[in-house]
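Descriptive structure summary
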Amino acid sequence: MTDYNFAYLDEQTKRMIRRAILKGLAIPGYQVPFASREMPMPYGWGTGGVQVSAAVLTPEDTLKVIDQGADDTTNAVSIRRFFERTAQVAVTTVTAEATVIQTRHRIPEEQMREGQILVYQVPIPEPLRFLEPRETETRKMHALEEYGLMHVKLYEDISRHGHIATAYAYPVKVADRYVMDPSPIPKFDNPKMDMAAIQLFGAGREQRIYALPPHTPVVSLDFEDYPFTASKADHPCGLCDAQDSYLDEVIVDDAGARMFVCSDTDYCTGRQVEGYRGTNNKEGAA
Amino acid sequence: MTPLLQIKGLTKTYGRHIGCADVAFELFPGEVMGIVGESGSGKSTLLNCMAGHLAPDSGQVIFDTRGAGPRDTLTMSEPERRMLSRTDWAFVHQHARDGLRMGVSAGGNVGERLMAVGARHYGDIRATAIDWLDRVEIRADRVDDRPTTFSGGMQQRLQIARNLVTGPRLVFMDEPTGGLDVSVQARLLDLLRGLVRDMGLSAVIVTHDLAVVRLLADRLMVMKDGNVVETGLTDQVLDDPQHGYTQLLVSSVLQV
Amino acid sequence: MVIRNCWSVPCCRCDRGRCPRAYAAPRGICNQKKMDAMIEISELSKTFTLHNQGGAVIEVMRDAALSVAPGECVGLVGASGAGKSTLMRMIYGNYLAASGQIMVGGVDVPRAAPREVLALRRETLGYVSQFLRVVPRVPTLDVVAGPLLALGMAEAEAKVRAASLLAQLNIPRTLWSLSPTTFSGGEQQRVNIARGFVHGYPALLLDEPTASLDAHNRSVVLDLIEAAKARGAAIIGIFHDTDARNRVCDRTIDVAQFTPGMGA
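Conventions used here
Residues numbered from 1 in each chain as written. Chains lettered and ligands numbered in written order. Predicted model: local features only at pLDDT ≥ 70, side-chain atom pairs only at ≥ 80, totals over all residues. Heavy atoms only, no water. Salt bridge = Lys/Arg side-chain N within 4 Å of Asp/Glu carboxyl O. Helix = DSSP H or I, 4+ residues; strand = E, 2+ residues; numbered from the N terminus. Buried < 20%, exposed > 50% of the residue type's maximum accessible area, 1.4 Å probe, protein only. Pairing = 2+ DSSP bridges. Axes fitted to C-alpha atoms, helices over the stretch in contact; angles between N-to-C directions. Contact = heavy atoms within 4.5 Å. Buried area = accessible area lost by both parts, 1.4 Å probe. Nonpolar A, V, L, I, M, F, W, Y, C, P; charged D, E, K, R; others polar. Parallel < 35°, antiparallel > 145°, perpendicular 65-115°, else oblique. Left-handed = near helix turned anticlockwise from the far one by under 90°. Phe/Tyr/Trp six-rings, centres within 6.5 Å; stacked < 30°, edge-to-face > 60°.

1. With respect to the pattern of salt bridges
Taken as a whole, this structure holds 48 salt bridges over all chains when the rule is applied. For the salt bridge of Glu155 of chain C with Lys159 of chain C, the shortest nitrogen-to-oxygen distance reads 3.2 Å. Placement of the pair is Glu155 of chain C and Lys159 of chain C together in helix 4 (residues 155–168), with a separation of four residues, close to one helical turn. Glu155 of chain C gets classed as partly exposed once you look at its relative accessible area, which sits at 47%. With a closest N to O distance of 3.1 Å, Asp250 of chain C and Lys229 of chain C form a salt bridge. Placement of the pair is Asp250 of chain C in the loop between helix 7 (242–248) and strand 11 (251–254) and Lys229 of chain C in helix 6 (residues 215–230), with a sequence separation of 21 residues. Under the relative-accessibility criterion, Asp250 of chain C is labelled partly exposed at 46%. For Lys229 of chain C, a relative accessible area of 16% gives the class buried. Put simply, Glu137, Lys140 and Glu146 of chain A together with Glu78, Arg82 and Arg86 of chain B are held in one network by salt bridges that share partners.

2. As for the sheet that holds strand 11 of chain C
Residues and elements named next belong to chain C. Taken in spatial order, the five strands of this open sheet run 8-9-10-5-11, and their pairing is parallel. Of all the strands in the sheet, the pair left with one neighbour each is strand 8 (125–128) and strand 11. If you compare each strand with its neighbour and ignore which way they point, the axes differ by 20 degrees on average. Bridging between strand 5 (residues 73–77) and strand 11 involves four bridges; their strand directions are parallel. In the strand pairing of strand 11, Val74 is matched with Arg251.

3. Focus: helix 2 (residues 78–87) of chain B
Listed as buried for helix 2 of chain B are Arg82, Leu84 and Arg86 of chain B. For helix 2 of chain B, the elements touching its buried residues are helix 4 (135–143) of chain A together with strand 4 (58–65), strand 6 (89–92) and helix 4 (106–116) of chain B.

4. Section: the interface of chain C and chain B
Each partner contributes residues to the interface: chain C has 24 residues there, and chain B has 23 residues. Between chain C and chain B, roughly 2000 Å² of surface is buried when both sides are summed, and carbon and sulfur atoms account for 54% of that area. Its largest share of buried area at the contact with chain B, chain C owes to Arg115, Val135 and Arg137 of chain C, together 27% of the area lost on that side. In this assembly, chain C and chain B are joined by three salt bridges. One salt bridge in this structure joins Lys46 of chain C and Asp240 of chain B, with 2.5 Å as the shortest N-O distance. Counting only elements with at least two residues in the side of chain C that touches chain B, the list comes to strand 3 (39–50), helix 2 (114–123) and helix 3 (140–150) of chain C. If you tally residues by element for the side of chain C that touches chain B, the top one is helix 2 of chain C, at five residues. Classifying every residue of the side of chain C that touches chain B by side-chain character gives 13 nonpolar, five polar and six charged.

5. Examining the packing of helix 5 (residues 185–197) of chain C against helix 6 of chain C
Residue and element names in this part refer to chain C. Here helix 5 crosses helix 6 at 15 degrees, and the two axes come no closer than 12 Å. The angle between the axes of helix 5 and helix 6 places the two elements in the roughly parallel class. Regarding helix 5 and helix 6, the two cross each other, and that crossing is left-handed. Residue-level contacts link Arg190, Ile193 and Phe197 of helix 5 to Asn217, Val221, Leu224, Ile225 and Ala228 of helix 6. Looking at the contact of helix 5 with helix 6 residue by residue, the classes come out as six nonpolar, one polar and one charged.

6. Some thoughts on the sheet that holds strand 7 (residues 170–174) of chain B
The strands that make up a sheet pair up through hydrogen bonds in the backbone, lying either parallel or antiparallel. One open sheet accounts for six strands, arranged 6-7-8-3-9-10 (chain B); its pairing is mixed. Edge positions in the sheet fall to strand 6 and strand 10 (227–233) of chain B, since each of these pairs with one other strand and no more. Recorded for the sheet is a direction-independent mean angle of 15 degrees between the axes of neighbouring strands. In terms of strand pairing, strand 3 (residues 32–36) of chain B meets strand 9 (residues 219–224) of chain B through four bridges, oriented parallel. Across the sheet, the residue bridging to Met33 of chain B is Arg219 of chain B, located in strand 9 of chain B. On top of the sheet, helix 2 of chain C reaches strand 9 and strand 10 of chain B; it is set at about 30 degrees to strand 10 of chain B, its chief contact.

7. Observations concerning the packing of aromatic side chains
In this description, a pair of aromatic rings is defined by centroid distance and the angle of the planes. Throughout the structure, instances matching the rule amount to 16 aromatic pairs over all chains. With a centroid separation of 4.2 Å and an interplanar angle of 10 degrees, the aromatic rings of Tyr120 of chain A and Phe201 of chain A are classed as stacked. In this pair, Tyr120 of chain A is assigned in strand 5 (residues 117–121) and Phe201 of chain A in strand 8 (residues 198–203), connecting sequence segments 81 residues apart. Of the residues examined, Tyr120 of chain A reaches a relative accessible area of 0% and is grouped as buried. Relative accessible area serves as the criterion here: at 0%, Phe201 of chain A is assigned to the buried category. Ring geometry for Phe223 of chain A against Tyr122 of chain B: centres 5.8 Å apart, planes inclined by 65 degrees, an arrangement best described as edge-to-face. In this pair, Phe223 of chain A sits in the loop between strand 10 (218–220) and strand 11 (247–251) while Tyr122 of chain B sits in helix 5 (residues 122–135), so the two residues belong to two different chains.

Structural data, given as structure tokens:
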């Protein structure tokens, strides 16, 4: 059985990633290029998040990994086992007990506290990419704070759909300076980004890291007459009756019957343990 | 009166080939300067050097900025120059697709400059865009259409609206009517004349078409092989040309 | 140059209570100060060099001199080709001078900067040429209102003035919204004159203003010229029609005396 260095990466790589993280924290929202390593999972499977987690983990940490809010999907399970094996850190599904939380496309419903680190997996770090394909040009736009084009996209949405149609990866302006892609979290989660925990964003394929120190002001872009709304499905959770958590829509049988349940499995389970029951769950605890 | 634009000793060479040599002139508010010459005369090189698209080898392009008085734009930092080109300057390209975002609606194209300088009210932006489309004679119901669905003349007019929406004081135009049908040209020239007069614009227009220059420009510079061979009031240069090349040019124009 | 606003007296440039814009005013325009001559020409010479025809040099004018006071109308006479139109074009700045001086309202035209000449043409010096040159497809009313719009007058008022002049010159109302490029010679000439008289220029150059006009319209034009004289304009005109010339011109000048090779 081969021994791994703590958390798989060699110390020099971790140092390089930590430098990038520090730079990112010093300039909130600025995309810091880093030398993304070949990881034992392909690009597109969370290598950026894994590298950032590997660089910040210490033996005393407790790790939680979620994928679309759930601890028990394949990707979350794989990554959690990867770190159990290479770092031997304690793992948990309970948000409040974790010190490092790696997430794909959701922010936990449970309020994040000081001392926690939230690591996001990011596919495309550049918010302007779909409007301006040239990297040379987007870098200049960020450097010169030329973000008119971002509002053009929102304008086009309103003129075509009557409202801003972006439902996830909704662009934000951080610390009143950089426009950032918060990763494909639903826009419902955007207000949560003003939090007490440190937020780190890793894009492995695109080789960028960016970061937000605690309590950084995060403003979702909008128009004065079309303000940002953090919207979700207009239902309570079918299992725990939560009114204000982000919901997944689940088809339950071949007839097409559907159920809305909390996307954050830990949050939902926690509420059920406390005795909350939704309409689909009246018979008793699962 | 301070000139709006002062060009001094502007020179650009490509190896041994002269792009433009030692060009100098002053432009005052409300004046339209035409630059004519045949292909290879250096007129486009000169325009691009003035507008900051090309770096000249030597010379100064001094613009009377709103905040800081006359400043040499060639020594400005890039952010300052880019800001200038979005607010006080405008550039109308020969081909509308170089001056427009073809994947964005007409309203978005006109509104982009407004949003780039901080406009954040959708209703106001849209109203301003529609107002400008009306001024360039594009129907308001085309505001949400992409420029790919417009005719050449409409695309050119949209380009003008996009450029003028922030009220620039200086407009650079590179063959603005090139490639358009004659009737469309006439309409565009009308429009440009009206806008120049109503907005008190100054303009530098590069063209090879003497008829366009006679209609649009107060003053004229004739270029040949990178050198300015004659300059003066447009009607004077065209009616009483002094230089041999100008005389040749004027006598070559076909009469309708 | 002095910045001058004609606040207290009607401005003789634009006939209104006050000047719409303050800018460097050539001396002598305000009618508080009367100058001896509005147009003063001395030692004026002109040569054409045809580079593409073997460099042929043609001297067409030598030592021309002329003086026109406000309210005066001087007629230029001389054989065809003697240089009447040439002289007029030089005064307007359309032709360059080889040497000499042309003072119009205090501006030395051959030596003035382009914008000074442009300002002069806009406010002080009007020119009615023999041919109507217009931007295609612009309606007649807008053509005539043009000079007033260039001076900053509001569009509605400018059009009212233009309309009154077109009516005076018997251009039918139905034609006002059409471009004059399709009009008859006489109609075009009248539109040209309307444009030349819509603004009260203190100096006017008229090249054959009554050519191709019938007796009635000729009379209207001569009335306009006399009215301009009465308000103090200095006028130089070329009239082939002797009657017209005798009616409005205070004196005549034979340009042949300035033409080398022609008798004087």
